[in-house]
Structures are given as structure tokens and as C-alpha cells.
Amino acid sequence: MEESAKQTLEEWVITMDARTFNKFREIIYEKSGITLGPGKEALVSARVGKRMRALKMNDHKEYLNRVIQDSTGEEIVQLLDVISTNVTSFFREDAHFHFITEQIRKWLANGQRRFRFWSAASSTGEEPYSLAITLSEAFNGYTVDIKILATDISTRVLQKCREGCYGADKVKPVPKGLQERYFTRAQGKDGPLYTVKPILREMVVFQRLNLSTPPFPMKGPFDIVLCRNVMIYFDDTIRKNLLAEIYRLLKPGGNLIVGHAESLTGMLSKFQSVRPSVYVK
Amino acid sequence: MRALVVDDSAVMRKVLIGALARANIVDVDQASDGVEAVAATKQQDYQLVLMDWNMPNMLGIDAVREIRAQGKTMPIVMVTTEAEKSRVIDALKAGASNYIIKPFEPATIVTKIQELLAKTGAT
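1. With respect to the overall build of chain A
When you go through chain A residue by residue, the secondary structure sums to twelve helices and ten strands. Relative to a compact globule of 281 residues, whose C-alpha radius of gyration would be 19 Å, chain A shows 20 Å and is just as compact. The C-alpha extent of chain A, read off along each of the three principal axes, is 60 × 50 × 30 Å. Across chain A, contacts joining residues at least 24 apart in sequence account for 74% of those joining residues at least 6 apart.

Printed below as a string of C-alpha cells:
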């Protein structure tokens, strides 16, 4: 079964025609702002194929029609789920978390006790929970009001976030002491499973959000916004609008953190650079 | 059918007014804090109120209490980032009819408003 599915998948990869691909590309751009350049036929075919298998469909055009005709919009959500990539890990780019700790200490020293954070493309939860661990450590001994908003366009990954359950390989980047403090270890059928403790889980609110369609229904102000490795999928117009919206939602002196390979240079935003990939309002 | 949108953020009010329009509610007044909201409900009968929680001058939850104390029974929906269960219960105890967590999806808020109005027969 597995073998035949694989074979069919390879056939799909070859057979998606340019017209169908362009139609998918248009819909994906319109609904999510994600730009798929030419030459991404194979990638789109493979990812769409995954969803088609789940629906037991084997024709791309048939699936395309289903997406177009679904007036509830649910199939578009499913399509965006399989298209949007989810490369993430705990404490990815750990310099960012050191920076956050420094900022918290500074703000605590100034008497601030209410803190709001936003993980804009939270994926499967590694980023918001890394943030939650960092904050719990930094706030140790203080009585504070903290909330982390975690958003993503994919309902599937948000479900993973809510579950907060990870395999041993996933939690590897989390230092041992912190693993014990913030995760409950249990034996799963494929090895140990680490589930975030309620103390972390309760800090985070998960909501679906499409970053390409500001203004967002919230008012902030946030202290720090993490928007890492997501703007690369957007074109300049969407990027510019997203940056302006993040700017609106940050407090003066609040920080925007982007992926290390991303730069706002030439983006005509109001942000000032603090250090590579870290900006201030 | 007249609605009141209460939020200190002009952008939020705009977004909420847009969502109401999608539910065919176009007669909408605005208030930017709890004090203004209470004053507005004294002057005008509303069939629906969308209420933010954290606002200057008077919190949304206190405004809900005051509006209920006037004997007003229209549906009041809290629209807020205060997502903890205890907060939701506090709001419902204060007299809120329903609860929407920010950031919401446009379709979600439209459905919720329609359901609520169908239930109260205020369409």
C-alpha cells in the first residue's frame, strides 16, 4: 500500500500541467500571500498530492475544482496547510532568546509587570514554547502578567501547538534541566514523548491568522513580536503591509525579531535596526 | 437593528464594523472606552454590543455591569485577548452574552453574531 502510494505520488509530480499549477499558484497567492515562483511545480504537486491521497483523489484538476467550488473555504485551509512549510525547532537561533532575556531584565528593572508577546508564525509550537520557557526563566521570582499569542495560517499545526507533545529528537535542543522543569516525559509507542507542562501551556493562546491580510483584529501593544522565516514567502507589497501592521501593534521601544537570513533593509519600514535580525519601534 | 462597537483602537473598531457589515448590520455606533459605551447605551437602544476588555477610563467588563444595571438585556459580546477560563467566567457573570478571542477570523465572528441574534430573536 505504502509503495503504491509512493509510486502514484511520483506520477503526480510528473503530470501536473502548467495550467493547473498556475491556477493553484493564483489561489494560494490570493488566499495566503505566499508566492510560489516558477519551477515549483514538483513541490506543489508533491504537497498537494499528500492532501489528495487523504481524499482518495488522483487527478489534480479534480482536486483544483474541489478547492474552487468549496464555498465554506475549508478546503482552502487544508490546501494552505499542506503548502505552508513548517521548518522549526526549539530555540532555533538561540541568540534571539538571549536577546529577549536581556530585554525582559531591562523592562523588569524599569518596573514593567505586564508583558505581551506574539509568535506570528508559530508552526507546530516550538517557537512559542521556547519563548514561554525563556520568559518563565527570566520572570522567576516576579509576579507578572504574561501572555503569548501564537498564530499560524495552518489549522493543522495549531492543533499540534495545542497538544504540545514532542518526540525526543524535537526536544533535544532544550537543555536537560529545562526539559525536566517544563516537560512531562511519558513512554509513547515510538519512544519517549515530551508534553509541555500546564505552566507553559497556560501562557500561550493559539489563534489562526492570515498574515497577508492586515489589519489584524487585535490592538496590542506587544513588547516583542517574533516573525521569523515567514516573510520570505511574501512579495514586497505584502511584506511592507505586514511590517506596518507589526509596527502598529508594537509598543514604542518594543522589538521585532525576524529570521537571521531576512533583512528589512530597503523595505521602507519605520523600524530601526538594533542588531542583525532585531529591530525596534 | 443597531449595534455599538466599543474599543479604544480605531483599527479594531474598523475591523469590527467590517465584520458586522458582513452580517448585514450596517447601523453601527462607536465608543472608545467603557464610559462612552455606558453613555451611548443610555441615549440609544442597541440590539447588539461588541465590547473590548482592556480600555482606558473604564474596563469593558465594568461597562457590561453598568449596562446590565440599567436593565438593558441586549446581547453583549466580549471581544478580547483575555482568553483564560477564569476571565471568560468573570465576563459571563458580569452579564456578557458571548465571548470572542482576538485575533478572530472574520468568518467566525460573523457566524457567532448571526447565531446569537437568531437565539435572541433580534434580527
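2. Description of the domain arrangement of chain A
All names here are of chain A. The domains assigned to chain A are domain 1 (2-83) and domain 2 (94-165 + 198-280). Distance from the C-alpha centre of domain 1 to the C-alpha centre of domain 2: 30 Å. Taken residue by residue, the interface counts seven residues in domain 1 and eleven residues in domain 2. Considering every element that reaches the side of domain 1 that touches domain 2, the biggest residue donor is helix 5 (residues 74-83), with three residues.

3. Section: the interface of chain A and chain B
In this assembly, 14 residues from chain A lie in contact with 13 residues from chain B. Elements with a minimum of two residues in the side of chain A that touches chain B: strand 2 (145-152) and strand 6 (204-208) of chain A.

4. Some remarks on the environment of Thr134 of chain A
Residues and elements named next belong to chain A. You can see Thr134 is positioned in helix 7 (residues 126-138). What makes Thr134 buried here is the crowd of 21 C-beta atoms within 10 Å. Sequence separation of Thr134 and Met231 is 97 residues, and the distance between their C-alpha atoms is 24 Å. Excluding residues within four positions of it along the chain, Thr134 makes contact with Phe97, Ile100 and Thr101.

5. Observations regarding the nonpolar core
Grouped together as the largest cluster of nonpolar side chains are 69 residues, with contacts concentrated most on Ala132, Ile148 and Val225 of chain A. Both domains that furnish three or more residues to this core are identified here as domain 1 (2-83) and domain 2 (94-165 + 198-280) of chain A. Contacts of Ile148 of chain A, omitting those with residues within four sequence positions, involve Phe117, Ser119, Pro128, Leu131, Ala132, Met203 and Val204 of chain A. Judged by nonpolar contacts, the second largest core, of 32 residues, contains Val15, Trp53, Ala96 and Ile109 of chain B.

6. Observations concerning the pairing of strand 5 (residues 191-196) of chain A
Residue and element names in this part refer to chain A. Of the strand pairs in this sheet, strand 3 (residues 165-167) and strand 5 are connected by three bridges, and their pairing is antiparallel. Paired with Gly167 across the two strands is Leu193, which belongs to strand 5. Pairing between strand 4 (residues 183-188) and strand 5: six bridges, direction antiparallel. Pairing of Phe183 across the sheet is with Val196, part of strand 5. The turn linking strand 4 back onto strand 5 is made up of two residues.

7. Considering the packing of helix 3 (residues 41-55) of chain A against helix 5 of chain A
Residue and element names in this part refer to chain A. As a packed pair, helix 3 and helix 5 sit with axes 9 Å apart at the nearest point and diverge in direction by 130°. As the angle between them shows, helix 3 and helix 5 are arranged oblique. Relative to helix 5, the crossing made by helix 3 is right-handed. Within the contact between the two elements, helix 3 uses Arg47, Val48, Lys50 and Arg51 and helix 5 uses Gln78, Leu79, Val82 and Ile83. Counted by class, the contact of helix 3 with helix 5 contains four nonpolar, one polar and three charged residues.

8. With respect to the sheet that holds strand 3 (residues 48-51) of chain B
Residue and element names in this part refer to chain B. The parallel open sheet is built from five strands, whose spatial order is 2-1-3-4-5. In this open sheet, the two strands that pair with only one neighbour each are strand 2 (28-31) and strand 5 (98-101). Each strand of the sheet is rotated relative to its neighbour by a mean of 20°, with strand direction disregarded. One ladder, built from four bridges, connects strand 4 (residues 76-80) with strand 5; its direction is parallel. Counterpart to Met78 in the pairing with strand 5 is Tyr99. Strands strand 3, strand 4 and strand 5 of the sheet are contacted by helix 5 (residues 106-120), whose axis makes an angle of about 180° with strand 5.

9. A look at the sheet that holds strand 4 of chain A
All names here are of chain A. As summarised here, the arrangement of the three strands in space is 3-5-4, forming an open sheet in which the pairing is antiparallel. Both edges of this open sheet fall to strand 3 and strand 4, since each of them pairs with a single strand only. Each strand axis lies, on average, 30° off the axis of its neighbour in the sheet, ignoring direction.

10. Let's talk about the environment of Asn65 of chain A
Residue and element names in this part refer to chain A. With respect to the helices, strands and loops of the structure, Asn65 is situated in helix 4 (residues 60-69). Classification of Asn65 as exposed rests on a count of 12 C-beta atoms within 10 Å. When the C-alpha atoms of Asn65 and Ala138 are compared, they prove to be 51 Å apart, with 73 residues separating the residues in sequence.

The rules behind these values
- Residues numbered from 1 in each chain as written.
- Chains lettered and ligands numbered in written order.
- Predicted model: local features only at pLDDT ≥ 70, side-chain atom pairs only at ≥ 80, totals over all residues.
- Helix = DSSP H or I, 4+ residues; strand = E, 2+ residues; numbered from the N terminus.
- Rg over C-alpha atoms; globule rule 2.2 N^0.38 Å.
- Contact = placed C-beta atoms within 7 Å.
- Domains from an automatic or database assignment.
- Buried ≥ 20, exposed ≤ 12 C-beta atoms within 10 Å, placed from the backbone.
- Core = buried A, V, L, I, M, F, W, Y, C linked by C-beta atoms within 7 Å.
- Pairing = 2+ DSSP bridges.
- Axes fitted to C-alpha atoms, helices over the stretch in contact; angles between N-to-C directions.
- Parallel < 35°, antiparallel > 145°, perpendicular 65-115°, else oblique.
- Left-handed = near helix turned anticlockwise from the far one by under 90°.
- Nonpolar A, V, L, I, M, F, W, Y, C, P; charged D, E, K, R; others polar.

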